Amino acid sequence: SPELLAAKLDFIDAKFSMAEMVENFKFENLNQHLDGGPPTGVEDAIAGYLAASTNEENKKTIEEKNAAWASIEAGQVAPTWTLPDIDGKTMSLADFKGKYVYIDFWATWCGPCIAEIPDYRKLVKEYADRNVVFISISVDKDKPKWEEMVKAETFSIKNVLSNFRSLRKFIEIY
């Protein structure tokens, strides 16, 4: 939480006097915070750290993570991807511009993923008359098994197969 991070940074300032140690402790706490969530509520702490830090590598890390969070704020354009569906036709996130897109990552070998299919179908049905597109992205490496599952389940949901490389930037950001 922002309050906990502020308390940690205040503690570091109060208890440590070696500049390098203070730098490292503050970096580790800010870095960990940005790994776990957006910088909401800690913008001043980030700005203070960037202004005071002399470690260019650490500053660059914090700036990059902060920028990554900014890139997915409401209203920002999501990074796109293009993946094949069961018929080999390509589908891209850009195909659904102007719509809300619900993305579900799943795999044939994932028990919880399979168990959620009935609830997922209910959700799709509930939002059928709204401006929402549901896309299931399989992370299976076994394409024949994925195809068999999609055909057996008679998915009415858009279903595509990922090779991870196609989604690298998307996954890194989200």
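Since the structure is predicted, the reported quantities are computational estimates derived from the model, not experimental observations. (Residues numbered from 1 in each chain as written. Predicted model: local features only at pLDDT ≥ 70, side-chain atom pairs only at ≥ 80, totals over all residues. Heavy atoms only, no water.)

A word on the packing of aromatic side chains
The relation between two aromatic rings is expressed through the spacing of the ring centres and the mutual angle of the planes. Scanning the entire structure with this criterion turns up six aromatic pairs. Between Y120 and F134, the aromatic rings sit 6.0 Å apart at their centres with planes inclined by 75°, giving edge-to-face as the arrangement. Pair noted here: Y120 is in helix α6 (residues 117–126) and F134 is in strand β4 (residues 132–138), with a separation of 14 residues, a long-range link. Taking the relative accessible area as the measure of exposure, F134 reaches 8% and is therefore buried. (Phe/Tyr/Trp six-rings, centres within 6.5 Å; stacked < 30°, edge-to-face > 60°. Helix = DSSP H or I, 4+ residues; strand = E, 2+ residues; numbered from the N terminus. Buried < 20%, exposed > 50% of the residue type's maximum accessible area, 1.4 Å probe, protein only.)

What to know about the packing of helix α2 (residues 19–36) against helix α4 (residues 56–70)
Their axes nearest at 10 Å, the elements α2 and α4 cross at an angle of 20°. As judged from the angle between their axes, α2 and α4 are roughly parallel. The interaxial crossing formed by α2 with α4 has left-handed handedness. Side by side, α2 and α4 meet where E23, N24, F27, L30, N31, L34 and D35 of the first sit next to N58, T61, I62, K65, N66 and W69 of the second. (Axes fitted to C-alpha atoms, helices over the stretch in contact; angles between N-to-C directions. Parallel < 35°, antiparallel > 145°, perpendicular 65-115°, else oblique. Left-handed = near helix turned anticlockwise from the far one by under 90°. Contact = heavy atoms within 4.5 Å.)

Some details on the confidence of the model for the protein
Mean pLDDT over the protein works out to 86, with 91% of the residues at or above the 70 mark. At the level of individual helices and strands, the protein shows its lowest average pLDDT in helix α8 (residues 168–173), which scores 63, and its highest in helix α3 (residues 43–52), which scores 93. (pLDDT = per-residue confidence, 0-100.)

A word on the pairing of β4
Most of β4 sits inside the fold, with six of its seven residues counted as buried. Two strands pair when backbone bridges link them, and strand β3 (residues 100–106) and β4 are joined in this way by seven bridges, in the parallel orientation. Following the sheet pairing, Y102 is matched in β4 by F134. As paired strands, β4 and strand β5 (residues 158–161) are joined by four bridges and run parallel to one another. Note on β5: the bridge partner recorded for S138 is L161. (Pairing = 2+ DSSP bridges.)

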